[in-house]
Amino acid sequence: MHGLVIHAGEEGARLGLADLAEPTPDDADLLVDGIAVGVCGTDRSLLARGLRGGAPGDRLVLGHESLGRVRRAPSGSRFAPGDLVAGLVRRPDPHPCPNCAVGELDICLNGDFTERGIKGRDGYAAERYVLADRYAVAVSPRLGLAGVLVEPASIVAKAWERVDASSRRSGRALVLGAGPIGLLAALLGAQRGYEVHVVDQVGGGPKVRQVKALGAVYHEGAHDLGTALGGTGRGGFDAVVECTGELVAAAIAATGPGGVLCLVAGGHRGTDPTMELSVLSGRLTGGNRTITGVSSSGRGHFEAAHAALLHADPEWLHGLLTTTVPLERYAEAFHAEPDTIKSVILLAADPGPAGKGKS
Ligand SMILES: [Zn+2]
Ligand SMILES: [Zn+2]
């Protein structure tokens, strides 16, 4: 039984296939056949920067964006053999904080949580794995391989939940970044009735096609950011979702009076100018603006994401899966070209019905 692992080494982390022990589920667990895992910036940064928060041993099975098929379910389970599932990523800290104790794992207060495939707990990039029934989310077979997008879409669903909680109207939305998170953010904005604008650096190709297929407006490159921001004519956007981690000041500047900015990408790697706190304070108070941020996601976000994906055009969803490789060609999924949207590693030689569709 094979899996994709990161080895912690003296010279940095190393990616490779490993022989894994057959998983042995206990009475409350599902035994799941892995169908696919998505690869994202989190996986690439684990590889680039080493295993954050340690691994169960000297290696960590990767994979937090999962799609699997139940092989065996405990009696009384919500699931039956053959059902498709996505696994929640986070698990509570050993002595749960008040939020973890009521199931809000994504807002853990003490940071002692673990995360499958990321922090202290093996992930889903294996041919078979154990998944506790309560951490499994049902995936409709109608999604096919696009079910692997439920986890990344759950982050975006959480971002829009925050925007919805603070915004008065769905007018114009700006999404910074046309990667998988940005495109899914654009999808959920369009589904809410926003006029969606997306900014990225590419001049054409699949990212631009996906933006336009949503009926959204594409703006190329930072030089066009001013056009995107200034062209609104109404003092900015009602909702802004920053998915690059590089355009935070621009995102603040683009948020109109009464508008909401949600930061999805952590950190600030960009070179755009710093902002005086007095200016920021003025924008937040005088402009009645809201700035919020999200990371991780919980069951409710997975379920909202699943519903949003089911409402999307299946061909559009499969258009996000620009790279699909079998497990033994895992390395290709870690090379991101400008036209790469989502890279997916297939874990089963025959993904079955979930592999059907335009992928
Ligand atoms: Zn991810
Ligand atoms: Zn906690």
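A brief look at the structure comes next. Quantities reported herein were computed from a predicted structural model and do not represent experimental measurements.

1. Points about the overall build of the protein
Thought 1: Counting its secondary structure elements, the protein contains 10 helices and 19 strands.
Thought 2: Looking at the protein as a whole, 55% of its 359 residues qualify as buried.
Thought 3: Considering only contacts within the protein whose residues lie at least 6 apart along the sequence, 68% involve residues at least 24 apart.
Thought 4: Surface exposure of the protein reaches about 15,400 Å², of which carbon and sulfur atoms provide 51%.

2. Section: unusual backbone geometry
It is generally the case that most residues other than glycine have a negative phi and that most peptide bonds are trans.
Thought 1: We note that N288 has phi near 50 degrees; this positive angle belongs to a residue other than glycine.
Thought 2: Take N288: it is sitting in the loop between α8 (277-285) and β17 (290-293).
Thought 3: Take N288: its relative accessible area is 55%, and that puts it in the exposed class.
Thought 4: The backbone phi angle of S296 is positive, close to 60 degrees, even though this residue is not glycine.
Thought 5: Within the secondary structure, S296 sits in the loop between β17 and α9 (299-311).

3. Looking at the sheet that holds strand β8 (residues 114-116)
Thought 1: An order of β7-β8-β9 is seen for the three strands of this open sheet, with the pairing classed as mixed. Because the sheet does not close on itself, it has two edges, and the strands there are β7 (90-91) and β9 (120-121).
Thought 2: With two bridges joining them, β7 and β8 adopt antiparallel strand pairing. Bridge assignment links R90 to a residue of β8, and that residue is E115.

4. Things to note about the coordination of the zinc ion (ligand 2)
Thought 1: Distances from the zinc ion (ligand 2) to its protein donors, namely D93 (OD), C97 (SG), C100 (SG) and C108 (SG), fall within the range 2.3 Å.
Thought 2: For the zinc ion (ligand 2), the four donor atoms in the first shell make angles of 84 to 123 degrees at the metal, a pattern classed as irregular.
Thought 3: For the zinc ion (ligand 2), the single-chain donor residues occur in sequence as D-x3-C-x2-C-x7-C. Here C108 lies in the loop between α2 (98-101) and β8 and D93 lies in the loop between β7 and α2, a separation of 15 residues in the sequence.

5. Quick look at the sheet that holds strand β13 (residues 195-200)
Thought 1: If you trace the six strands from one edge of the open sheet to the other, you get β14-β13-β12-β15-β16-β17, paired in parallel fashion. The open sheet terminates on both sides in strands that have one partner only, identified here as β14 (217-220) and β17. With strand direction ignored, the average angle separating the axes of adjacent strands in the sheet is 15 degrees.
Thought 2: Relative to β14, β13 runs parallel, the two being bridged by four bridges. Considered in β14, the bridge of D200 is made with E220.

6. With respect to the pattern of salt bridges
Thought 1: All chains considered together, the criterion is met by 10 salt bridges.
Thought 2: For D33, the salt bridge goes to R71, with nearest N and O atoms at 2.9 Å. Taken as a pair, D33 in strand β3 (residues 29-39) and R71 in strand β5 (residues 65-72) lie far apart in primary sequence, 38 residues in all.
Thought 3: For R71, a relative accessible area of 44% corresponds to the partly exposed category.
Thought 4: Where E332 meets R329, a salt bridge forms, and the shortest distance between an N and an O atom there is 2.8 Å.
Thought 5: Judged by its relative accessible area of 36%, E332 is partly exposed.

7. Focus on the nonpolar core
Thought 1: The biggest cluster of nonpolar side chains holds 92 residues, and the ones touching the most others in it are L4, W160, L309, L317 and I345.
Thought 2: If we skip the residues at most four places from it in the chain, L309 touches L143, A146, L149, V150, A153, L184, L187 and L317.
Thought 3: With 13 residues, the next largest nonpolar core counts L176, V240, A250 and A251 among its residues.

8. Thoughts on the side chain of S140
Thought 1: As for its placement among the helices and strands, S140 is situated in the loop between β11 (136-139) and α3 (150-166).
Thought 2: Here S140 falls in the buried class, since its relative accessible area comes to 14%.
Thought 3: Apart from the residues within four sequence positions on either side, S140 is in contact with L84, H306 and L310.

9. Remarks on the coordination of the zinc ion (ligand 1)
Thought 1: Looking at the zinc ion (ligand 1), one finds its protein donor set to be C40 (SG), H64 (NE2) and E65 (OE), positioned 2.1 to 2.2 Å from the metal centre.
Thought 2: Donor residues binding the zinc ion (ligand 1) come from one chain and are separated in sequence as C-x23-H-E. Here E65 lies in strand β5 and C40 lies in the loop between β3 and α1 (41-49), a separation of 25 residues in the sequence. You'll find C40 and E65 in the same group, each marked buried.

Parameters at a glance
- Residues numbered from 1 in each chain as written.
- Chains lettered and ligands numbered in written order.
- Predicted model: local features only at pLDDT ≥ 70, side-chain atom pairs only at ≥ 80, totals over all residues.
- Heavy atoms only, no water.
- Helix = DSSP H or I, 4+ residues; strand = E, 2+ residues; numbered from the N terminus.
- Buried < 20%, exposed > 50% of the residue type's maximum accessible area, 1.4 Å probe, protein only.
- Contact = heavy atoms within 4.5 Å.
- Areas by Shrake-Rupley, 256 points an atom, 1.4 Å probe, with all protein chains shown as cover.
- Pairing = 2+ DSSP bridges.
- Donors = N, O, S within 2.8 Å, 3.2 Å for Na, K, Ca; no water.
- Tetrahedral: all angles 85-135°; square planar, octahedral: opposite > 155°, others 65-115°.
- Axes fitted to C-alpha atoms, helices over the stretch in contact; angles between N-to-C directions.
- Salt bridge = Lys/Arg side-chain N within 4 Å of Asp/Glu carboxyl O.
- Core = buried A, V, L, I, M, F, W, Y, C linked by side-chain atoms within 4.5 Å.

This is a description of form; function is not addressed.
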